[in-house]
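Coordinates in review
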Number of protein chains: 2
Amino acid sequence: MAARWLDEDEARLWRAYRVLSGELQRAMERQLERDAGLSGADYAVLAPLSEAEGGVLRMRELGRAVGWDRSRLSHQVRRMQNRGLVAREECAEDARGFMVRLTDSGREAVEGAAPEHVETVRRYSFDLLSDRERATLTRVFERLGARLAQDAKEHL
Amino acid sequence: MAARWLDEDEARLWRAYRVLSGELQRAMERQLERDAGLSGADYAVLAPLSEAEGGVLRMRELGRAVGWDRSRLSHQVRRMQNRGLVAREECAEDARGFMVRLTDSGREAVEGAAPEHVETVRRYSFDLLSDRERATLTRVFERLGARLAQDAKEHL
DNA sequence: CCAGCTATGTTGACATATCATCAAAGCAAG
DNA sequence: CTTGCTTTGATGATATGTCAACATAGCTGG
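Residues numbered from 1 in each chain as written. Chains lettered and ligands numbered in written order. Predicted model: local features only at pLDDT ≥ 70, side-chain atom pairs only at ≥ 80, totals over all residues. Heavy atoms only, no water.

Notes on the protein's contact with DNA strand C
- In the vicinity of DNA strand C lie 19 residues, with Arg60(A), Ser74(A), Arg88(A), Ser71(B) and Arg72(B) positioned nearest.
- Backbone sugar and phosphate groups make up 61% of those atoms of DNA strand C lying within 4 Å of the protein.
- Arg70(A) is positioned with one of its side-chain polar atoms (N or O) 3.3 Å from a base nitrogen of DNA strand C.
- Phe98(A) places a polar main-chain atom, nitrogen or oxygen, 3.4 Å from a phosphate oxygen of DNA strand C. (Near = heavy atom within 4 Å. Polar contact = N/O pair within 3.5 Å; in protein donor to acceptor, adjacent residues only side chain to side chain.)

See the structure below:
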């Protein structure tokens, strides 16, 4: 492994990225917790449910939507069920499956949280980007994401 | 709160960012674990130590370098001490403080991990970026980071 | 049909992160 | 000097994430 080290500019970008990525995530989670009493994980689960037909998704689909493994999702949903944010029902078509349904309280929570959440996204990203920059970021993020997805597919 | 919702392009960018950010972090952690038996948190602590004068830093400085709160760092360093990656010494100038020192085994671990780590960074970022894109990303990430830092300062 | 193989989801043990609290040392104003 | 505020760090309880079994249902080829 020839050590192609990072030059000064590269190190600066990589550092800026890591700091931004961490701080942004923390800022978003603080905002959700403060304004709606939801963790980032809660919101990640509630958002796809609120957009789904009837507020119901199968565990499998929900897992795809949030991008987690089965175990993490199972634990998270159980905790959210205990707090009354979601309910679980058996799956008609496939006896292995379980459906997750948004409760009234859960819907109230997401819908209350969403506007402030979106405002915060804007405040820390779109409000600070030109149109050109926005286009560049989209292109770059999707390109990098594609390589990660490709590697993930190959390696397992 | 007027709901300035995200339009299609904005939603696409935000989603691409979240997916990338998560996948990239997981990919980097998998690589470190596989090639060097280190977690991302381990590496985050070891890297600044390996660059510090004599491989020693005060807890406070180390905390600044990694950007964690005191509690998290304290727990992490204790675990790393148990595994022999770092050692702790009292602080001469300030009796409250503690110094964290890289052990031989710790230095071996970082230095073994670093080349593969850097290669992985390249593979998932710099190898896929043009010079123009790199410059744009640096500018944008630092601008966004600055607003986050400013808000953090005001809000506490 | 049924023998394996895959897909779905749960569980318990463990690792890690966060939160509130505590303690001790430094420091600054009087 | 000493009283009170700040800084630094550790700790224990709790929340969350990860990992390795496990269980059950569906699917597929003989």
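Here we look at the UniProt feature "domain: HTH marR-type" (unreviewed entry) in chain A
- According to UniProt, the positions carrying the feature "domain: HTH marR-type" (unreviewed entry) are residues 10-146 of chain A.
- Structurally, residues 10-146 of chain A comprises 71% helix and 9% strand, and the distance from its first C-alpha atom to its last is 21 Å. (UniProt positions renumbered as here; feature names shortened; annotations may be inferred. Helix = DSSP H or I, 4+ residues; strand = E, 2+ residues; numbered from the N terminus.)

Here's the deal with the environment of Leu148(A)
- With respect to the element layout, Leu148(A) can be found in helix α6 (residues 131-155).
- By relative accessible area, which is 6% here, Leu148(A) ends up buried.
- Other than its neighbours up to four places away in sequence, Leu148(A) contacts Leu20(B), Glu23(B), Leu24(B), Ala27(B) and Tyr124(B). (Buried < 20%, exposed > 50% of the residue type's maximum accessible area, 1.4 Å probe, protein only. Contact = heavy atoms within 4.5 Å.)

What to know about the nonpolar core
- Core analysis: the biggest nonpolar cluster contains 40 residues, and Phe141(A) and Phe141(B) have the highest contact counts within it.
- Secondary structure elements with two or more residues in this core: α1 (8-36), α5 (104-124) and α6 of chain A together with α1 (8-36), α5 (104-124) and α6 (131-155) of chain B.
- In this structure, Phe141(B) is in contact with Leu13(A), Ala16(A), Tyr17(A), Leu20(A) and Phe141(A), ignoring residues within four places of it in sequence. (Core = buried A, V, L, I, M, F, W, Y, C linked by side-chain atoms within 4.5 Å.)

Notes on the sheet that holds strand β1 (residues 56-58) of chain B
All names here are of chain B.
- Taken together, the three strands give an open sheet; going across it, the order is β1-β3-β2, and neighbouring strands pair in antiparallel fashion. Every other strand in the sheet has two partners, leaving β1 and β2 (86-90) as the edge strands with one partner each. Strand-to-strand, the axes of this sheet are offset by a mean angle of 30 degrees, without reference to chain direction.
- By the bridge criterion, three bridges tie β1 to strand β3 (residues 98-102) in an arrangement that is antiparallel. Residue Leu57 lies in a different strand from β3, and its bridge partner there is Val100.
- Packed onto the sheet, helix α4 (residues 70-82) meets β2 and β3 and runs at close to 115 degrees relative to β2. (Pairing = 2+ DSSP bridges. Axes fitted to C-alpha atoms, helices over the stretch in contact; angles between N-to-C directions.)

So, the interface of chain A and chain B
- With 51 residues of chain A in contact, the opposing surface of chain B contributes 51 residues.
- If you sort the residues of chain A by the area they bury against chain B, Leu13(A), Phe141(A) and Leu148(A) come out on top, with a joint share of 11%.
- At the surface where chain A touches chain B, the tally comes to 12 salt bridges.
- A salt bridge links Arg122(B) to Glu10(A), with the shortest nitrogen-to-oxygen separation between them at 3.2 Å. (Buried area = accessible area lost by both parts, 1.4 Å probe. Salt bridge = Lys/Arg side-chain N within 4 Å of Asp/Glu carboxyl O.)

Structural notes on a positive patch on the surface
- On the surface, a cluster of positive charge is contributed by Arg26(A), Arg30(A), Arg72(B), Arg78(B) and Arg79(B).
- Among the elements that take part in the positive patch, α4(B) stands out by supplying three residues, more than any other.
- Overall, Arg26(A) belongs to the partly exposed group, its relative accessible area being 36%. (Patch = residues over 30% accessible without salt bridge, like charges linked within 9 Å, V, L, I, M, F, W, Y side chains within 5 Å. Areas by Shrake-Rupley, 256 points an atom, 1.4 Å probe, with all protein chains shown as cover. Lys, Arg positive; Asp, Glu negative; His and termini not counted. Charge placed at Lys NZ, Arg CZ, Asp CG, Glu CD.)

Side note on the protein's contact with DNA strand D
- Around DNA strand D there are 20 residues in total, and Ser71(A), Arg60(B), Arg70(B), Ser74(B) and Arg88(B) lie nearest to it.
- Considering the 4 Å shell around the protein, atoms of DNA strand D inside it are sugar or phosphate in 64% of instances.
- The backbone of Arg60(B) places a nitrogen or oxygen atom 2.8 Å from a phosphate oxygen of DNA strand D.
- When residues of the surface near DNA strand D are traced back to their parent elements, those giving at least two are α4 (70-82) of chain A together with α3 (59-66) and α4 of chain B.
- With five residues, α4(A) is the single largest residue contributor to the surface near DNA strand D.
- Residues of the surface near DNA strand D, tallied by class, amount to three nonpolar, seven polar and 10 charged. (Nonpolar A, V, L, I, M, F, W, Y, C, P; charged D, E, K, R; others polar.)

Quick word on the pairing of strand β3 (residues 98-102) of chain A
- Alignment of strand β2 (residues 86-90) of chain A against β3(A), held across five bridges, turns out to be antiparallel. Looking at the pairing, Glu90(A) lines up with Phe98(A) of β3(A).

Digging into the environment of Ala114(A)
- Along the chain, Ala114(A) turns up in helix α5.
- Spatially, the C-alpha atom of Ala114(A) lies 23 Å from that of Arg88(A), the residues being 26 residues apart in sequence.
- Ignoring sequence-local partners within four residues, the contact set of Ala114(A) consists of Tyr43(A) and Trp5(B).

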